[in-house]
Amino acid sequence: MILKENFFNYPAYSESDMKWGVVITALGHTHILPDSNYPPLLHPKSHQFSILKSRRVTEYQIIYITAGEGYFESENNIKHDIKAGAVFFLFPGVLHRYYPNKKTGWTEYYVGINGPYIDDMVKKGFLSINRPVFEIGVHEKLVQLYRDIFQIVKKGMAGYQQSASGIVWHLLGEILSLEKNKTVDSSTEQLIKSVKICVIEKISEKMDWDKVSRQHGISYSKLRKEFKAYVGMSPGQYHLQLRINQAKLMLSQTIEPIKLIATSLGFQNEYYFNTIFKKKTGTAPGTYRNSSRGSLTI
């Protein structure tokens, strides 16, 4: 079974884009359920791979595993068991292979890049083919950066390569910083981070908290207690707040009808959305839209 959010994209870029110093060459998100085939989608010939064979790519790739477990190996006899919270790098021309554990599956975010800036980073020792795996833990901010890159490339507006590659540079900086300053997070901190990412990925869906709790090996009552103590609100309220924040963004930056915004964010109907939005913000969606646009008027 393959979930609908699995996708890949290999963006085009021009000579002018390359002059910027770094370009996006690949990106995607894959959620592999236990006992599922990997990879689930047929990639172009230049990027097709199999768990049975090693391969080489022509770009750098930054792959982040946010759930599940698996395996990674590359040249120079480098072998790693991969767990949630690991980032591993692919380097141009370096033989490698990786795949999820059949029993657990995994969730991966990845982006491919090329250009003289990343080449220079390797030459200066910030990244090394002899140390391709960073075990930095599950971090909500990293997931959001990947999702921001995906959104910019999906829109495909003029200059999107520069905008998206700027976020990749931010992503790299965050990864290197976490690697240098990492400490062992408590089990509670890792639990909360993992649940937050689960909520982000299912922002427009109805959450089954009992299922989420089981996936994290605890009861919902314990999850709710620990989440509220750490975050200051229950998991359900956190999920709702994210939807309200996204609604604000859509109201202020798009011309989508309010009814469509409501349904796209998983609210039962426009009336229910209006009621909840006003309760949480103190103003109706239409009023918020008008005032937010008015504030941009010179």
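Cut-offs and rules
Residues numbered from 1 in each chain as written. Predicted model: local features only at pLDDT ≥ 70, side-chain atom pairs only at ≥ 80, totals over all residues. Heavy atoms only, no water. Helix = DSSP H or I, 4+ residues; strand = E, 2+ residues; numbered from the N terminus. Contact = heavy atoms within 4.5 Å. Phe/Tyr/Trp six-rings, centres within 6.5 Å; stacked < 30°, edge-to-face > 60°. Buried < 20%, exposed > 50% of the residue type's maximum accessible area, 1.4 Å probe, protein only. Lys NZ or Arg CZ within 6 Å of the ring centre and 35° of its normal. UniProt positions renumbered as here; feature names shortened; annotations may be inferred. Core = buried A, V, L, I, M, F, W, Y, C linked by side-chain atoms within 4.5 Å. Axes fitted to C-alpha atoms, helices over the stretch in contact; angles between N-to-C directions. Parallel < 35°, antiparallel > 145°, perpendicular 65-115°, else oblique. Left-handed = near helix turned anticlockwise from the far one by under 90°. Nonpolar A, V, L, I, M, F, W, Y, C, P; charged D, E, K, R; others polar. Expected span 1.5 Å × (residues − 1).

- Labelled according to an unreviewed UniProt entry, the chain appears under the name AraC family transcriptional regulator, originating from Agaribacillus aureus.

## Re the environment of leucine 172
Inference 1: Within the fold, leucine 172 resides in helix 4 (residues 160-181).
Inference 2: A sequence separation of 54 residues divides leucine 172 from isoleucine 118, and the C-alpha atoms of the two residues are 9.9 Å apart.
Inference 3: Dropping the residues within four chain positions of it, leucine 172 is found in contact with Ile62, Phe89, Ile113, Ile118, Met121 and Leu127.

## Describing the packing of aromatic side chains
Centre-to-centre distance and the angle between the planes together describe a pair of aromatic rings.
Inference 1: Per the stated rule, a full pass over the model turns up 22 aromatic pairs.
Inference 2: For the ring pair phenylalanine 7 and phenylalanine 150, a centre distance of 5.1 Å and an interplane angle of 90° mean the geometry is edge-to-face. Taken together, the positions of phenylalanine 7 in strand 1 (residues 7-9) and phenylalanine 150 in helix 3 (residues 140-155) put the pair 143 residues apart, joining distant regions of the chain.
Inference 3: Judged by its relative accessible area of 28%, phenylalanine 7 is partly exposed.
Inference 4: One aromatic cluster is present, built from ring pairs that chain together Phe7, Tyr64, Tyr109, Tyr146 and Phe150.
Inference 5: It is arginine 243 that lies over the ring of phenylalanine 267; its NZ or CZ is 4.2 Å from the centre.

## Description of the UniProt feature "domain: HTH araC/xylS-type" (unreviewed entry) in the chain
Inference 1: Following the UniProt record, the feature "domain: HTH araC/xylS-type" (unreviewed entry) maps to residues 193-291 here.
Inference 2: Split by type, residues 193-291 is 74% helix and 0% strand. Its first and last C-alpha atoms lie 34 Å apart.

## Focus on the nonpolar core
Inference 1: Counting residues in each nonpolar core, the largest one holds 35 residues, and the members touching the most others are Ile62, Val111 and Ile113.
Inference 2: Looking at this core, the elements that each hand over two or more residues are strand 2 (23-32), strand 3 (60-74), strand 5 (86-90), strand 7 (106-114), helix 2 (116-123), helix 3 and helix 4.
Inference 3: No other element matches the eight residues that helix 4 contributes to this core.
Inference 4: Beyond its immediate chain neighbours, meaning those up to four positions away, isoleucine 113 contacts Val22, Val23, Ile24, Thr25, Glu59, Tyr60, Ile62, Ile118, Val168 and Leu172.

## Regarding the packing of helix 3 against helix 5 (residues 187-201)
Inference 1: Interaxial distance between helix 3 and helix 5 falls to 9 Å at its minimum, and their mutual angle equals 25°. It follows from the interaxial angle that helix 3 and helix 5 lie roughly parallel. The hand of the helix 3/helix 5 crossing is right-handed. Contacts from Glu140, Val143, Gln144 and Arg147 of helix 3 reach helix 5 at Lys196, Ile197, Ile200 and Glu201.
Inference 2: Classifying every residue of the contact of helix 3 with helix 5 gives three nonpolar, one polar and four charged.

## Here we look at the side chain of glutamate 179
Inference 1: The topology assignment puts glutamate 179 in helix 4.
Inference 2: Beyond its immediate sequence surroundings of up to four residues, glutamate 179 is in contact with Arg131, Phe134, Glu135 and Ile136.

## Let's talk about helix 5
Inference 1: Taking 1.5 Å per residue, 15 residues should reach 21 Å; helix 5 reaches 21 Å between its end C-alpha atoms and fits that length.
Inference 2: Within the sequence span of helix 5, burial applies to Leu191, Ile192, Lys193, Val195, Lys196, Ile197, Cys198, Val199 and Ile200.
Inference 3: The secondary structure elements touched by the buried residues of helix 5 are helix 3, helix 6 (209-215), helix 7 (220-231) and helix 8 (235-253).

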